[in-house]
Amino acid sequence: MRVMYLGNYFVAGCIAFSLLGWVASLHPYAFRAVLCLLAAIVIGWGLSWLLDFSLSKLLKISVADLQALLISGLGMVLIGLGVFLCT
């Protein structure tokens, strides 16, 4: 059951990042706004990797679960960027 929930979040994240890529392709100002948002997400993602042990204690999940979520988050961003580059 837990795998289904994570799969649903992964698909929803891929759709969200694809939507951001589409919005970025509409106008140069939207492109800059989406780039700022993606930069903030990448900074947060990097900090989550650096602080994974303290963050896992704060969220009360195991380090392996947190790392799995971070890897799936990277996959979502890469799929969204792929859709953006292909459009």
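About the cut-offs
- Residues numbered from 1 in each chain as written.
- Predicted model: local features only at pLDDT ≥ 70, side-chain atom pairs only at ≥ 80, totals over all residues.
- Heavy atoms only, no water.
- Core = buried A, V, L, I, M, F, W, Y, C linked by side-chain atoms within 4.5 Å.
- Buried < 20%, exposed > 50% of the residue type's maximum accessible area, 1.4 Å probe, protein only.
- Helix = DSSP H or I, 4+ residues; strand = E, 2+ residues; numbered from the N terminus.
- Contact = heavy atoms within 4.5 Å.
- Expected span 1.5 Å × (residues − 1).
- Axes fitted to C-alpha atoms, helices over the stretch in contact; angles between N-to-C directions.
- Parallel < 35°, antiparallel > 145°, perpendicular 65-115°, else oblique.
- Nonpolar A, V, L, I, M, F, W, Y, C, P; charged D, E, K, R; others polar.
- Phe/Tyr/Trp six-rings, centres within 6.5 Å; stacked < 30°, edge-to-face > 60°.

A closer look at the nonpolar core
Working step 1: In this structure, Cys14, Phe17, Ala24, Val34, Leu38, Met76, Val77 and Phe84 together form the largest nonpolar core, which totals eight residues.
Working step 2: Going through the elements one at a time, helix 1 (2–24), helix 2 (28–50) and helix 4 (63–86) are the ones with two or more residues in this core.
Working step 3: Beyond its immediate chain neighbours, meaning those up to four positions away, phenylalanine 17 contacts Leu38, Ile41, Met76, Val77 and Gly80.

So, helix 4
Working step 1: In this model, helix 4 (24 residues) spans 35 Å end to end at C-alpha, consistent with the 34 Å of a helix rising 1.5 Å per residue.
Working step 2: Buried residues along helix 4 sit against helix 1, helix 2 and helix 3 (52–59).

Description of helix 2
Working step 1: The end-to-end C-alpha distance of helix 2, which contains 23 residues, comes to 33 Å, matching closely the 33 Å that a straight helix rising 1.5 Å per residue would cover.
Working step 2: If you follow the buried residues of helix 2, they end up packed against helix 1, helix 3 and helix 4.

Thoughts on the side chain of serine 18
Working step 1: If you trace the backbone, serine 18 turns up in helix 1.
Working step 2: Not counting the four nearest positions on each side in its chain, serine 18 is found in contact with Gly80 and Val83.

Overview of the packing of helix 3 against helix 4
Working note: a packed helix pair is described by the angle between its axes plus the distance between those axes.
Working step 1: With their axes 9 Å apart at the nearest point, helix 3 and helix 4 run at an angle of 105 degrees to one another. Considering the angle they form, helix 3 stands roughly perpendicular to helix 4. In this structure, helix 3 contributes Asp52, Phe53, Leu55, Ser56 and Leu59 to the contact, and helix 4 contributes Val63, Leu66 and Gln67.

Quick word on the packing of helix 1 against helix 2
Working step 1: For the pair helix 1 and helix 2, interaxial distance at closest approach is 8 Å and the crossing angle is 145 degrees. Across the interface between the two elements, Phe17, Leu20, Val23 and Ala24 of helix 1 pack against Ala30, Phe31, Val34, Leu37, Leu38 and Ile41 of helix 2.
Working step 2: Grouping the constituent residues of the contact of helix 1 with helix 2 by class yields ten nonpolar, no polar and no charged.

Concerning the packing of aromatic side chains
Working step 1: Within the structure shown, the criterion is met by one aromatic pair.
Working step 2: Where tryptophan 45 meets tryptophan 49, the ring centres are 6.0 Å apart and the plane angle is 75 degrees; that geometry is what we call edge-to-face. Of the two residues, tryptophan 45 and tryptophan 49 are both situated in helix 2; the distance of four residues between them amounts to about one turn of the helix.

A look at unusual backbone geometry
Working step 1: The phi dihedral of lysine 60 falls on the positive side, at around 60 degrees, and the residue is not glycine.
Working step 2: Inspection of the secondary structure puts lysine 60 in the loop between helix 3 and helix 4.

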